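Secondary and tertiary structure notes
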Amino acid sequence: MSASVDSSSALIPAVAGGDVAAFEAVYDRYSGTLYALLLRILGNAEDAQEVLQEAFVKVWTTARMFDAARGSEVAWLISIARSKGIDKLRSRKIRSDRENDAGREISIHSAFVDKTTGADVAILSQERIAVRNALAELPEAQRIALELAYFEGLSQSEISERLHEPLGTVKTRMQLGMKKLRERLQAFR
Amino acid sequence: MIAHDEAQEIAALDAVGAASADEERDLGEHLAACAECRRVRDEYAEAVTLLARGLTPVPPPAELRERVVSGEAADNVVDARRRFGSSKWWLATAATIFLALWGWRELTMRVEREKYTTQEAEIRRLAEDNLRLSQNNEKLSAEMASLASAGTRTISLSGQQAAPSASARVFLEPERRRAIVFFYNLPANAKDKSYQLWVIAAKPQSAGVFDVTGSGNATITIENLPVATEIKALAVTLEPRGGVAQPSNSNFFVMGSSSL
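Let me sum up the structure you'll find in this document.

Reading the values: the criteria
Within every chain, residues take consecutive numbers counted from 1 along the sequence as written. In the order they appear in the text, chains get letters beginning with A and ligands get numbers beginning with 1. The predicted nature of this model means local features are confined to residues of pLDDT at least 70 and side-chain atom pairs, given and counted, to a pLDDT of 80 or more, with totals for whole chains, interfaces and linings taken over all residues. As a convention, hydrogens and water are excluded, and side-chain values are obtained from all of the structure's heavy atoms. Working definition: helices are DSSP H or I runs of at least four residues, strands are E runs of at least two. Numbering for both runs from the N terminus. Burial here depends on accessible area, computed with a 1.4 Å probe over protein chains only, as a share of the maximum for the residue type. Under 20% is buried, over 50% is exposed, and the range in between is partly exposed. The contact criterion used is simple: two residues touch if any of their non-hydrogen atoms lie within 4.5 Å. Areas reported here follow the Shrake-Rupley algorithm with a probe of radius 1.4 Å; residue values treat only the protein chains shown as occluding. Each pair of strands is called paired provided DSSP finds at least two bridges between the two strands. Every angle, taken between N-to-C directions, lies between 0 and 180 degrees, and every axis is a line fitted to C-alpha atoms, over only the stretch in contact when it is a helix. For classification, angles of less than 35 degrees are called roughly parallel, those exceeding 145 degrees roughly antiparallel, those between 65 and 115 degrees roughly perpendicular, and all remaining angles oblique. Note that Gly is not counted as nonpolar here; it falls among the polar residues with everything else outside the nonpolar set of Ala, Val, Leu, Ile, Met, Phe, Trp, Tyr, Cys and Pro and the charged set of Asp, Glu, Lys and Arg. Once two parts are joined, some of their accessible surface, as seen by a 1.4 Å probe, is lost; buried area is that loss totalled over both. The working definition used for a salt bridge is a side-chain nitrogen of Lys or Arg within 4 Å of a carboxyl oxygen of Asp or Glu. Throughout this description, a polar contact denotes any pair of N or O atoms lying within 3.5 Å of each other; where both atoms belong to protein, one of them has to be capable of donating a hydrogen while the other can accept it, and for residues adjacent in sequence the pair is counted only when both atoms sit in side chains. Side-chain atoms within 4.5 Å link the members of a nonpolar core, which is a set of buried Ala, Val, Leu, Ile, Met, Phe, Trp, Tyr and Cys residues.

A few points about the overall build of chain A
Secondary structure summary: chain A contains 8 helices and 0 strands in total. Tracing chain A from N to C terminus, the helices and strands come up as α-α-α-α-α-α-α-α. When each of the 189 residues of chain A is scored for burial, the buried share is 46%. Of the contacts formed within chain A by residues at least 6 apart in sequence, a portion of 65% connects residues at least 24 apart. Just so you have it, chain A exposes about 9000 Å², and 49% of that area is on carbon and sulfur atoms.

Encoded structure:
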């Protein structure tokens, strides 16, 4: 059995069935997004690569846990990578050493094997633009609060302290921001 | 339990990883019984990933892909899955180890069983020895009591033509009608023969059969003797093994008369 890289295909169930081609397709399609996420969280290429590999190990070994009724496969993959990235961030206590500009440490490898098709790239790019537009609609204060929680793993009180804002204000901002993201979600499902 | 609105507000925070421990617990209790809020929770979980999906993808190094999906490195996850998912070598190895351990266990158990059986036999033998020694002790005590009794009488039997150097001494307890007889220097009896002691009252009565040791000695205890006053003499003949009802011959080895 082999998997195509058609954007409508269900890759994760195929991976759950042991389809190596599907696993490769998942890697080729999503590793760039997951790596960017991990670089954003960890701010360190070496750590990000290590965690990315761990994340794909988990994808391979727990693919049967994926439930398409609960969410998309990209969301499932992002959840795995983000969870592992935050774990790494907390365990190594590298938060204080983290670079604000993750891109500063990123080196683009010319040997990257991009096996996604041109159509995929176009679809992914369009989606990314739409996502960015959706995020841009969020008030900056809400977006910042969400990003501190999501990318840095900060608690409500830590965000409150970081932003010098009351805890209740921070909580309200995050709840409002999440509601807006949820409303925008329909465009990407 | 918290209300739906509150549960959904916590679900929003939980999706971004900002719910407190108490809020997570309350949310978990609510979601366990509320399908609608579970659906909302899943939507928030999906929505928060938009934060990551808006990032510009960064291709990881090519060698990472090799390690993950097609390389030959030991930590290649696909190869690991293949090894453990489809290859059977580890099953064979595990089976071999299991059989070896099982065989070793069986061998050890067999040795232990044999050791146990041997020890059990030894215990039985010792118990039998103990019983025999106990019986001997009881017999010797009785014999000592007879020898030390004030009413014990002694009868000496002397060697006859068949064994001139033989002799015997009888310690007789008339009251208990019991006697202990010590024989000395009797010739060794053939395997198919037994010495037989006769108590001669109105007629000869068998008092028992015996074999002698290599030195020609023997000791027997006689119970239920005739009344002492009726005993006229004691004599020993050599008879077929096991003894006979009446003496088959008059070739006495030792003999003595009672002086009672």
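Describing the pairing of strand 7 (residues 233-240) of chain B
Regular strands place side chains that alternate from one sheet face to the opposite one. Residues and elements named next belong to chain B. Of all 8 residues in strand 7, 6 are buried; the element is thus mostly enclosed. Pairing of strand 4 (residues 193-200) with strand 7 involves 8 bridges; the strand directions are antiparallel. Looking at strand 7, one finds that Ser194 is bridged to Glu239. Where strand 7 meets strand 8 (residues 254-257), 3 bridges bridge the pair, whose relative direction is antiparallel. Bridging across to strand 8, Leu234 finds its partner in Gly256.

Here's the deal with the packing of helix 2 (residues 20-42) of chain A against helix 6 (residues 140-152) of chain A
All names here are of chain A. Between helix 2 and helix 6, whose axes approach to 8 Å, the crossing angle comes to 100°. Classified by the angle their axes make, helix 2 and helix 6 are roughly perpendicular. For the pair helix 2 and helix 6, contact is made by Leu37, Arg40 and Ile41 and by Glu147, Tyr150 and Phe151, respectively. Among the residues forming the contact of helix 2 with helix 6, the class breakdown is 4 nonpolar, no polar and 2 charged.

Considering the sheet that holds strand 8 of chain B
All names here are of chain B. With antiparallel pairing, 8 strands are arranged side by side in an open sheet as 5-4-7-8-1-2-3-6. With partners counted over all chains shown, the strands left at the sheet margins are strand 5 (204-210) and strand 6 (218-222), one partner each. For this sheet the average axis-to-axis angle between neighbouring strands, irrespective of direction, equals 25°. Sheet topology places strand 1 (residues 153-159) next to strand 8; 2 bridges connect them, and they run antiparallel. Residue pairing in the sheet places Gly159 in a bridge with Val254 of strand 8.

Here we look at the interface of chain B and chain A
In this assembly, 45 residues from chain B lie in contact with 61 residues from chain A. Together, the buried faces of chain B and chain A total about 5100 Å²; carbon and sulfur atoms form 65% of this surface. Counting every contact that joins chain B to chain A gives 4 salt bridges. If you look at where chain B meets chain A, you find 14 residue pairs in polar contact (both at pLDDT 80 or more). Counting only elements with at least two residues in the side of chain B that touches chain A, the list comes to helix 1 (4-15), helix 3 (35-48), helix 4 (50-53), helix 5 (62-70) and helix 6 (77-85) of chain B. In terms of residue count, helix 3 of chain B provides more of the side of chain B that touches chain A than any other element does, 9 residues in total. Split into classes, the residues belonging to the side of chain B that touches chain A amount to 26 nonpolar, 6 polar and 13 charged.

A word on the packing of helix 8 (residues 167-185) of chain A against helix 3 of chain B
Describing two packed helices takes the angle between their axes plus the distance from one axis to the other. Contact geometry of helix 8 of chain A with helix 3 of chain B gives a least axis separation of 8 Å together with a crossing angle of 90°. The angle between helix 8 of chain A and helix 3 of chain B falls in the class roughly perpendicular. Facing helix 8 of chain A, whose interface residues are Met178, Lys179, Leu181, Arg182 and Leu185 of chain A, helix 3 of chain B presents Arg39, Val40, Glu43, Tyr44, Glu46, Ala47 and Val48 of chain B. For the contact of helix 8 of chain A with helix 3 of chain B, a count of residues per class yields 7 nonpolar, no polar and 5 charged.

As for the side chain of Gln53 of chain A
Tracing the sequence through the fold places Gln53 of chain A in helix 3 (residues 45-62). The exposure class of Gln53 of chain A is buried, given its relative accessible area of 10%. Polar side-chain contacts of Gln53 of chain A include one of 3.0 Å to the side chain of Arg67 of chain B.

Examining the side chain of Arg173 of chain A
Residues and elements named next belong to chain A. One can find Arg173 in helix 8. At a separation of 3.3 Å, a polar atom in the side chain of Arg173 contacts the side chain of Glu165. Arg173 has contacts with Ala141, Gln142, Ala145 and Glu165, leaving out every residue within four places of it along the chain.

Overview of the nonpolar core
In summary, soluble globular proteins display a tendency toward joint burial of nonpolar side chains. Counting residues in each nonpolar core, the largest one holds 79 residues, and the members touching the most others are Leu37, Tyr150, Met174, Met178 and Leu181 of chain A together with Val16 of chain B. The residues contacting Tyr150 of chain A, other than those within four sequence positions of it, are Leu37, Ile78, Arg82 and Ile86 of chain A together with Val16, Val48, Thr49, Leu51 and Ala52 of chain B. In this structure, Ile155, Ala163, Ala207 and Val254 of chain B belong to the second largest nonpolar core, which totals 27 residues.

Considering the pairing of strand 4 of chain B
Residues and elements named next belong to chain B. Burial within strand 4 is extensive, with 6 of its 8 residues counted as buried. Sheet topology note: the strand 4/strand 5 ladder contains 6 bridges and is antiparallel. Directly across from Tyr195, in strand 5, lies its bridge partner Phe210. Counting the residues between successive antiparallel strands, the hairpin from strand 4 to strand 5 contains 3 residues.

These figures capture arrangement, not role.
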